[in-house]
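# Architecture at a glance
Here is how the chains run, residue by residue.
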Amino acid sequence: MNCKYVMPFQKVVTVATVMLLFCSLTGHAQSSLNGYWDFRSSNGDGTYRETFFQLEQNGDKLTGKWFGRDPNGVPMQGMLSGTNVHLETVPPPSGARTPAMSRPITYDGTFTNGVMTLTSSGFRGTTIKGEATKTTREAAMPPAPLPLPALHDLPDNGLVRTPPMGWNSWNKFAVKVTDADVRAAADELVSSGMAKMGYIYVNIDDTWAADERDANGNIKLNTKFPNMKALADYVHSRGLKLGIYSSPGPKTCASYTGSFGHEVQDAKMYASWGIDYLKYDLCSARYIYKSTPEVHQALYQKMGEALQATGRPIVFSLCQYGENDPWKWGAKAGGNLWRTTGDIRDQWQSMDKIGFSQIDIASYNKPGRWNDPDMLEVGNGGMNADEYRTHMSLWALLSAPLIAGNDLSSMSGETKSILMNPDVVAIDQDIAVNPVKRITKQGDVEILARKMADGSTVVGLFNRGSQPEDATLEWSSVIAGKVASVRDLWKHEPVAANGATYHASVPTHGVVLLKIKP
Ligand code: GLA
């Protein structure tokens, strides 16, 4: 509406009053959307996802910022027409740190009586409904950092002398995981035979906690997890161990309650429930604390110490995406394993990039101290069997934790044959923990080798290219002296070792995995 008009003074006053009234009735009043907004949408489990907007209204045009946990925000734009509101995030340039923001998140709805009722789509591919109400800048911004402990080395807790094995809910079930899913996974680990092979940790990832703590600050469960102690008892009754997940920040990555300022209390609660494993994910803490090796070590030491003080053996899994070389200080903070990279996706490019970037840090693996290139995607459907065999072979050669991330209740025979190849699991669990070495790189073919405790050498001939390749291995490049016997660990058959070299055709993105006895 054009609010400029030339007329006698008395009339101006009357017209201005009428216009003001009109403007406020239609929601057109200047500045009415200016300020900070708290958008809450139900997660369906008694918790709310909370995001914030800071809006500036100029006529019917809206500009501003979207805030998840990052105080820098993401630019937003939109329109207010009558009572109809449209808002959308402006995707940051590609390569931004928040992958969920690479596509715009849109919000559509109405603005009445000071409340925006909105339907949002685009965030992690879901549609959500909720209400936005006015809030303050303080509420929208992360809290001030808490004092951090002076650094000192925590003792070895004596756990996971070989890389931990088990299952985790995130890669398949993500935010939907329930108590029933976890019990089913425990049952499947036992009935499939995986538990017997060593897959014993049943790990609940993000989204088990309630939004509010109780009056004494104790962490509470949301409606998807009615009774954690009962769940732990069930998992233990199956001969397995139960893992849980939290963050040093106030919010986890899926915006559930984290341990910020409640580390000791939460560790005690986990111990009282009978928890055996904690994955501790940086998430919102990255927007409160600086990212330096000292700060990260202190953040994780705080929880590491709290876990050790409970007296219960609890595996401590660090997850801060490999920032600040956690392989150099993770053990000092009480860590048993530390993520070395960003999140894996069920896709060749992601797995290939992560897997082959780990070789140079393999020498940091020690009993109870493991590099963690993230959980397995085997069986989730985004890669073919050759690619999953590469995934499994690489993780085994790297002494990586073998944490299955698929739906165990619907495993194909092929998926089972990959996760449950005893020879490949044995490589992963080999007690000598010799680091894998890169022997050669011939075009797209990479040859990796690792010496086993029994004196044998395992060699992987990997084809990272998009065409089948012929690979050549000089026996002498991986073994001193005469070759006594060779076995193909995926074909489950002996390989003839006549002559000085071995030739194999390796399928696209595939692997030939050999165990060579001198
Ligand atoms: C981060 C972690 C993932 C998973 C999610 C849960 O992205 O790296 O492994 O735990 O958080 O929100």
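Residues numbered from 1 in each chain as written. Predicted model: local features only at pLDDT ≥ 70, side-chain atom pairs only at ≥ 80, totals over all residues. Heavy atoms only, no water.

### Brief notes about empty space enclosed by the protein
How we decide: Only protein atoms enter the 1 Å grid used here, on which a cavity is any set of points holding a 1.4 Å probe that cannot leave and a pocket is any open set flanked by protein within 12 Å on both sides along at least five of seven lines; residues with an atom within 4 Å of a point are listed as lining. Grid points are joined across faces, edges and corners, and a volume is the space filled by probe spheres set on the points. Under the scheme applied here, ten amino acids are nonpolar (Ala, Val, Leu, Ile, Met, Phe, Trp, Tyr, Cys and Pro), four are charged (Asp, Glu, Lys and Arg), and all others, including Gly, are polar.
Within the structure shown, the criterion is met by three cavities of 30 Å³ or more. Every residue lining the largest cavity is listed: Asn168, Asn203, Tyr277, Lys279, Ser317, Arg339, Asp372, Asp374, Met375 and Ile403. Here the residues of the lining of the largest cavity sort into three nonpolar, three polar and four charged.

### Side note on the sheet that holds strand β24 (residues 511-517)
Hydrogen bonds along the backbone pair up the strands of a sheet, which may run parallel or antiparallel. The test is simple: For two strands to pair, DSSP has to find at least two bridges joining them. Put simply, DSSP H or I for four residues or longer makes a helix, DSSP E for two residues or longer makes a strand, and each gets a number counted from the N terminus. Convention adopted: a line fitted to C-alpha atoms gives each axis, helices being fitted over their contacting stretch, and angles between N-to-C directions are expressed from 0 to 180 degrees. The criterion used for residue contact is that any of the two residues' heavy atoms lie within 4.5 Å.
Strand order in the open sheet formed by six strands is β17-β18-β19-β24-β21-β22, with antiparallel pairing between adjacent strands. Only two strands of the sheet have a single partner each, and these edge strands are β17 (437-442) and β22 (493-495). Strand-to-strand twist in this sheet, taken as the mean axis angle between neighbours without regard to direction, amounts to 25°. Contacts from helix α11 (residues 385-397) reach β18 (445-451), β19 (457-463) and β24, with the element oriented near 140° to β19.

### Quick notes on the state of the cysteines
Note on terminology: disulfide describes a covalent bond linking the sulfur atoms of two cysteines. Basically, it comes down to this: The definition used for a disulfide is geometric: two cysteine sulfur atoms within 2.5 Å. In this scheme, a residue with accessible area under 20% of its type's maximum is buried, one over 50% is exposed, and one in between is partly exposed, where area comes from a 1.4 Å probe on protein chains only.
In the structure shown here, the tally under the stated rule is one disulfide. Note that cysteine 253 is cross-linked by a disulfide to cysteine 283, the S-S spacing being 2.0 Å. When the S-S torsion is -100°, as for the bridge of cysteine 253 with cysteine 283, the disulfide is left-handed. Taken together, the positions of cysteine 253 in the loop between β11 (241-246) and α7 (263-273) and cysteine 283 in the loop between β12 (277-281) and α8 (293-309) put the pair 30 residues apart, joining distant regions of the chain. What makes cysteine 283 buried here is its relative accessible area of 6%.

### Some thoughts on the sheet that holds strand β1 (residues 35-42)
Strands sit in the order β1-β2-β3-β4-β5-β6-β7-β8 around a closed barrel of eight strands; the barrel is antiparallel. Along the sheet, successive strands turn relative to each other by an average axial angle of 30°, direction set aside. By the bridge criterion, seven bridges tie strand β6 (residues 106-112) to strand β7 (residues 115-123) in an arrangement that is antiparallel. Pairing of tyrosine 107 across the sheet is with serine 120, part of β7.

### Thoughts on helix α4 (residues 179-192)
Test applied: Helix span, expected: 1.5 Å multiplied by one less than the number of residues in the helix.
Its 14 residues give α4 an end-to-end C-alpha distance of 20 Å, which sits within 8% of 20 Å, the value for a rise of 1.5 Å per residue. Looking at α4, one finds that the buried residues are Asp179, Val182, Ala185, Ala186, Leu189 and Ser192. Buried residues in α4 make contact with β9 (165-168), α5 (194-197), β10 (201-203), α6 (228-237) and β11. With its phi angle positive at about 95°, glycine 193 sits one or two positions after the end of α4.

### Quick notes on the site of the ligand
Rules: We call a residue near a molecule or strand when any one of its heavy atoms sits within 4 Å of it. Here a polar contact is recorded for every N or O atom pair within 3.5 Å, except that within protein the pair must consist of a potential hydrogen donor and a potential acceptor, and residues adjacent in sequence are included only if both atoms are side-chain atoms. Surface accessibility follows the Shrake-Rupley procedure with a 1.4 Å probe radius. Residue values consider only the protein chains on display as shielding.
Near the ligand, the surroundings consist of Trp170, Asp205, Asp206, Tyr245, Cys253, Ala254, Lys279, Asp281, Cys319, Tyr321, Arg339 and Asp343. Here an oxygen atom of the ligand sits 2.8 Å away from a polar atom, N or O, in the side chain of lysine 279. In the complex, 93% of the free accessible area of the ligand, which totals 310 Å², lies under the protein chains. Of the residues assigned to the shell around the ligand, the class counts are six nonpolar, no polar and six charged.

### Quick look at the environment of valine 478
Residue position: valine 478 is located in the loop between β20 (469-474) and β21 (485-488). Taking relative accessible area as the criterion, valine 478 reaches 12% and is therefore assigned buried. Along the backbone, valine 478 and lysine 437 are 41 residues apart, and their C-alpha atoms lie at a distance of 9.8 Å. Discounting chain neighbours no more than four positions away, the residues touching valine 478 are Ile439, Ala449, Thr457, Val459, Leu473 and Ile516.

### A look at the packing of helix α10 (residues 348-356) against α11
Rule in force here: For classification, angles of less than 35 degrees are called roughly parallel, those exceeding 145 degrees roughly antiparallel, those between 65 and 115 degrees roughly perpendicular, and all remaining angles oblique. The sense of a crossing depends on the near helix, which, turned anticlockwise from the far helix by less than a right angle, makes the crossing left-handed and, turned clockwise, makes it right-handed.
The interhelical angle for the contact between α10 and α11, taken along N-to-C directions, is 20°, at an axis separation of 10 Å. Put simply, α10 runs roughly parallel to α11. By crossing handedness, the relation of α10 to α11 is classed as left-handed. On α11, the residues touching Trp348, Met351, Ile354, Gly355 and Phe356 of α10 are Glu387, Thr390, His391, Leu394 and Trp395. Taken together, the residues of the contact of α10 with α11 break down into six nonpolar, three polar and one charged.

### Topic: the confidence of the model for the chain
Operational definition: The quantity called pLDDT is the predictor's confidence in a given residue, expressed from 0 to 100.
Across the chain, the average pLDDT comes to 93, with 92% of residues at or above 70. Confidence over residues 1-9 falls short of pLDDT 50; this stretch has seven contacts with residues more than four positions distant or in other chains. Counting interchain partners and residues more than four positions distant, the pLDDT-below-50 stretch residues 15-30 has 20 contacts.

### Let's talk about the pairing of β6
As a general feature of sheets, a regular strand has side chains that alternate between the two faces. Inspection of the sheet shows strand β5 (residues 84-89) paired to β6 by five bridges, in the antiparallel sense. Bridge pairing links glutamate 88 to threonine 106 in β6.

### Some details on the domain arrangement of the chain
Worth spelling out the cut-off: Each domain's limits were defined by an automated method or a database of domain assignments. The term buried area denotes the loss of accessible surface (1.4 Å probe radius) that occurs when two parts are joined, taken as the sum for both partners. Here, a salt bridge means any side-chain nitrogen of Lys or Arg that lies within 4 Å of a carboxyl oxygen of Asp or Glu.
Each assigned domain of the chain is listed with its residue range as follows: domain 1 (19-140), domain 2 (165-428) and domain 3 (437-517). Contacts between domain 2 and domain 3 engage 23 residues on the former and 20 residues on the latter. Roughly 1800 Å² is buried in total at the junction of domain 2 and domain 3, and carbon and sulfur atoms are behind 65% of that figure. It is Phe356, Leu397 and Ile427 that lose the most area in domain 2 upon contact with domain 3, and together they represent 33% of the buried surface on that side. Counting across the domain 2 and domain 3 interface gives one salt bridge. Connecting domain 2 to domain 3 are 11 residue pairs in polar contact (both at pLDDT 80 or more). Within the residue set of the side of domain 2 that touches domain 3, elements represented by two or more residues are α10, α11, α12 (413-419) and α13 (422-428). Considering each element in turn, the side of domain 2 that touches domain 3 owes the most residues, nine residues, to α11. Residues of the side of domain 2 that touches domain 3, tallied by class, amount to 11 nonpolar, five polar and seven charged.

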